[in-house]
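Reading the structure
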Amino acid sequence: MGKVYICDHPLIQHKLTFIRDENTTTKDFRELVDEVATLMAYEITREIPLETVQVRTPVTTAECRIISGRMLGLIPILRAGLGMVDGILKLVPAAKVGHIGLYRDPETLKPVEYYAKLPTDVQERELIVIDPMLATGGSANAAITALKQRGCRQIKLMCLIAAPEGVEAVQKEHPDIDIYVAAVDECLNDHGYIVPGLGDAGDRLFGTK
Ligand code: PRP
Ligand code: URA
C-alpha cells in the first residue's frame, strides 16, 4: 500500500490557512500556492540519492555529495496543477515538465482527458504528478493510469488538500503510489468539493470566477 505523507511543516500549514481563506485575492492565492509547492518539493525530494564527488576548496580537496544524476519529471494535471510547477522548479530546475489535461464532468464527476504532452524519455524519469486537489481521486487516478500505460513506473502524487475518499481511491487503484499532501480534510460534499477545502482551485488560481 502506498504511504500518505502529511507535510505538516509550520510554514506549509500557515500558508495553507491563507490559501483556504475565501478573502485571499487571486494574486495572493497564486503566490501562496507557489510558495507551498516549493516547501513541499523540499519534503518530496528528501529521499533522492546522493553520490560522492571530489571538490577542490580554497583550502584542500574534500569529498562532497551531489544529487546522483536522477532524472525528474513534473506532471501537472491541467489546469490547477500548473499553479504548483514553478514553485517546484525553483528547487529542481533541471526537471522536465509534461502536461496531462483533464476536467471533471460536472454531472458524472468522472475525469475526461483532453490533452497529453510528455517528455520523450518519460518512462525513464521519476515522476511527480501535481494537482492541488485530490477530491474523488478520479483525475489523479486517470493521470497515473495514463502514465503507466506509457511505461512509467516511478510515480509520486503531490497535492495540497486531499479528501479521505480521494486518498482511498488512489490507494485502491494504484497501491504502489506514495501521496504527499499538506492536509487531509473531512469529506466531500454533494458536488464533489472538498470540505472545508479551498473551493475551486483552478478558478481561484486563474481568477475565472
Ligand atoms: C479539479 C482539480 C483536480 C480535480 C480533482 O480540476 O484541480 O484536477 O478537480 O477532483 P477529483 O479528484 O474528483 O478528480 P477540475 O476538473 O475542476 O479542472 P480545472 O483544473 O481545469 O479547473
Ligand atoms: N476540485 C477543486 O478545485 N476543488 C475541490 O474541492 C474539488 C475538486
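Residues numbered from 1 in each chain as written. Chains lettered and ligands numbered in written order. Predicted model: local features only at pLDDT ≥ 70, side-chain atom pairs only at ≥ 80, totals over all residues. Heavy atoms only, no water.

Let us look at the overall build of the protein. Summing up its helical and strand segments, the protein has six helices and 13 strands in all. Rg of the C-alpha trace for the protein: 18 Å, near the compact-globule value of 17 Å for 209 residues, within the 12% margin. C-alpha atoms of the protein, sized along the principal axes, occupy 65 × 40 × 30 Å. Looking at the protein as a whole, 46% of its 209 residues are labelled buried. Long-range pairs, those at least 24 residues apart, make up 63% of the contacts in the protein between residues at least 6 apart in sequence. Of the charged side chains in the protein, 23 are positive and 29 negative; the average position of the first set lies 5 Å away from that of the second. (Helix = DSSP H or I, 4+ residues; strand = E, 2+ residues; numbered from the N terminus. Rg over C-alpha atoms; globule rule 2.2 N^0.38 Å. Buried < 20%, exposed > 50% of the residue type's maximum accessible area, 1.4 Å probe, protein only. Contact = heavy atoms within 4.5 Å. Lys, Arg positive; Asp, Glu negative; His and termini not counted. Charge placed at Lys NZ, Arg CZ, Asp CG, Glu CD.)

The next thing to look at is the pairing of strand S2 (residues 50-56). A regular strand places its side chains so that they alternate between the two faces of the sheet. As defined by bridge partners, S2 adjoins strand S3 (residues 61-67) across seven bridges and the pair is classed as antiparallel. Across the sheet, Arg56 pairs through a bridge with Thr61, a residue of S3. In this antiparallel pair of consecutive strands, S2 and S3, the connection spans four residues. (Pairing = 2+ DSSP bridges.)

Another point: the environment of Glu113. Turning to its location among the elements, Glu113 is positioned in strand S7 (residues 111-117). For the pair formed by Glu113 and Ile100, sequence separation is 13 residues and the distance between their alpha carbons is 7.5 Å. Setting aside anything within four residues of it in sequence, one finds Glu113 in contact with Gly101, Leu102, Ala146 and Arg150.

A separate point is the nonpolar core. Counting 37 residues, the largest nonpolar core has Ile19, Met40, Ile88 and Leu160 as the members making the most contacts within it. At eight residues, helix H2 (residues 26-44) tops the list of elements feeding residues into this core. Not counting residues up to four positions away in its chain, the partners in contact with Ile19 are Phe29, Leu32, Val33, Val36, Leu160, Leu198 and Arg204. Within the second largest apolar cluster, 24 residues are counted, among which are Ile75, Ala146, Ile179 and Val181. (Core = buried A, V, L, I, M, F, W, Y, C linked by side-chain atoms within 4.5 Å.)

This part takes up the pairing of strand S10 (residues 155-162). Within S10, eight of the eight residues are buried, which leaves the element mostly enclosed by the surrounding structure. Examined bridge by bridge, strand S8 (residues 126-130) and S10 share four bridges and lie parallel to one another. What sits directly across from Ile130, in S10, is Met158. Of the pairings in the sheet, the one linking strand S9 (residues 133-134) to S10 comprises two bridges and is parallel in character. Paired with Met133 across the two strands is Ile161, which belongs to S10. Note that the unit made of S9, helix H4 (residues 138-149) and S10 has a crossover that is right-handed. Note: S10 against strand S11 (residues 178-184), six bridges, orientation parallel. Residue Leu157 lies in a different strand from S11, and its bridge partner there is Ile179. (Right-handed = clockwise from strand over helix to strand, strands pointing away.)

Okay, the site of ligand 2 next. Taken together, Arg104, Met133, Ala135, Gly192, Tyr193, Ile194, Gly199, Asp200 and Ala201 are the residues near ligand 2. When ligand 2 sits alone it has 230 Å² of accessible area, and the protein chains cover 88% of it. The residue inventory of the shell around ligand 2, partitioned by class, reads five nonpolar, two polar and two charged. (Near = heavy atom within 4 Å. Areas by Shrake-Rupley, 256 points an atom, 1.4 Å probe, with all protein chains shown as cover. Nonpolar A, V, L, I, M, F, W, Y, C, P; charged D, E, K, R; others polar.)

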